[in-house]
Amino acid sequence: MFSWPVRIYWEDTDAGGIVFYANYLKFFERARTEWLRHLGVEQHALREQVGGMFVVTSTQLRYHRPARLDDLLLVTARVTESGKASLTIEQSAVLQQDGTAPTVLCEGSIRIGWVDATTLRPQRIPASVIHALSAGNH
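Note that the structure is predicted; figures quoted are calculated from it, not measured. (Residues numbered from 1 in each chain as written. Predicted model: local features only at pLDDT ≥ 70, side-chain atom pairs only at ≥ 80, totals over all residues. Heavy atoms only, no water.)

## Observations regarding the nonpolar core
No. 1: Counting 31 residues, the largest nonpolar core has Tyr24, Phe27, Trp35, Phe54, Leu73 and Leu87 as its most contacted members.
No. 2: Those elements giving two or more residues to this core turn out to be β1 (2-7), α1 (23-38), β3 (72-82), β4 (86-96), β5 (103-116) and α3 (127-136).
No. 3: With 6 residues, α1 is the largest single contributor of residues to this core.
No. 4: Leaving out residues up to four positions away in the same chain, Phe54 has contacts with Leu36, Gln43, Leu87, Ile112, Gly113, Trp114, Ile125 and Val129. (Core = buried A, V, L, I, M, F, W, Y, C linked by side-chain atoms within 4.5 Å. Buried < 20%, exposed > 50% of the residue type's maximum accessible area, 1.4 Å probe, protein only. Helix = DSSP H or I, 4+ residues; strand = E, 2+ residues; numbered from the N terminus. Contact = heavy atoms within 4.5 Å.)

Shown next, in the form of structure tokens:
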């Protein structure tokens, strides 16, 4: 499972100092992007080279506890389903505090599809991407 650190700043919080609920989607997006980069999959380069890109087709989030200003989260990503043109990625935002067990704050299931960048029609995920994802799961 891949994890990416995210520090909570003022811009992430609402007036009560709690992370605005929609920002978890941003945190999850950053972790997915860094995870792909870690696997050698550069999304911008793929778009330029093969003319395709990933798009989010559905999200489902469950909130357990709030994150607050200055918290350090680890945001995780792992593939749970892989199809010819889509992936389902399970993600979580976990609070890291010294001396205590990690606490899951938010978890979600994000489905992404591969589309032609010009027409936005679904296409088969390139073999190079499938290979990188397979290698990253071992």
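Okay, back to it.
## Concerning the pattern of salt bridges
No. 1: Enumeration over the complete set of coordinates arrives at 4 salt bridges.
No. 2: Residues Arg32 and Glu29 are paired through a salt bridge, measuring 2.5 Å at the closest nitrogen-oxygen approach. Of this pair, Arg32 and Glu29 are both found in helix α1, 3 residues apart, which corresponds to roughly one turn of the helix.
No. 3: A cluster of three or more residues bridged by salt bridges with shared partners is formed by Glu34, Arg37 and Glu42. (Salt bridge = Lys/Arg side-chain N within 4 Å of Asp/Glu carboxyl O.)

## Let's talk about the sheet that holds strand β2 (residues 52-63)
No. 1: Across the sheet, which stays open at both edges, the 5 strands sit in the order β1-β3-β4-β5-β2 with antiparallel pairing between neighbours. The sheet is open, and its two edges are formed by β1 and β2, each paired on a single side. On average, adjacent strands in this sheet sit at an angle of 25° to one another, irrespective of strand direction.
No. 2: Bridging between β4 and β5 involves 10 bridges; their strand directions are antiparallel. Paired with Glu90 across the bridge in β5 is Ser109. (Pairing = 2+ DSSP bridges. Axes fitted to C-alpha atoms, helices over the stretch in contact; angles between N-to-C directions.)

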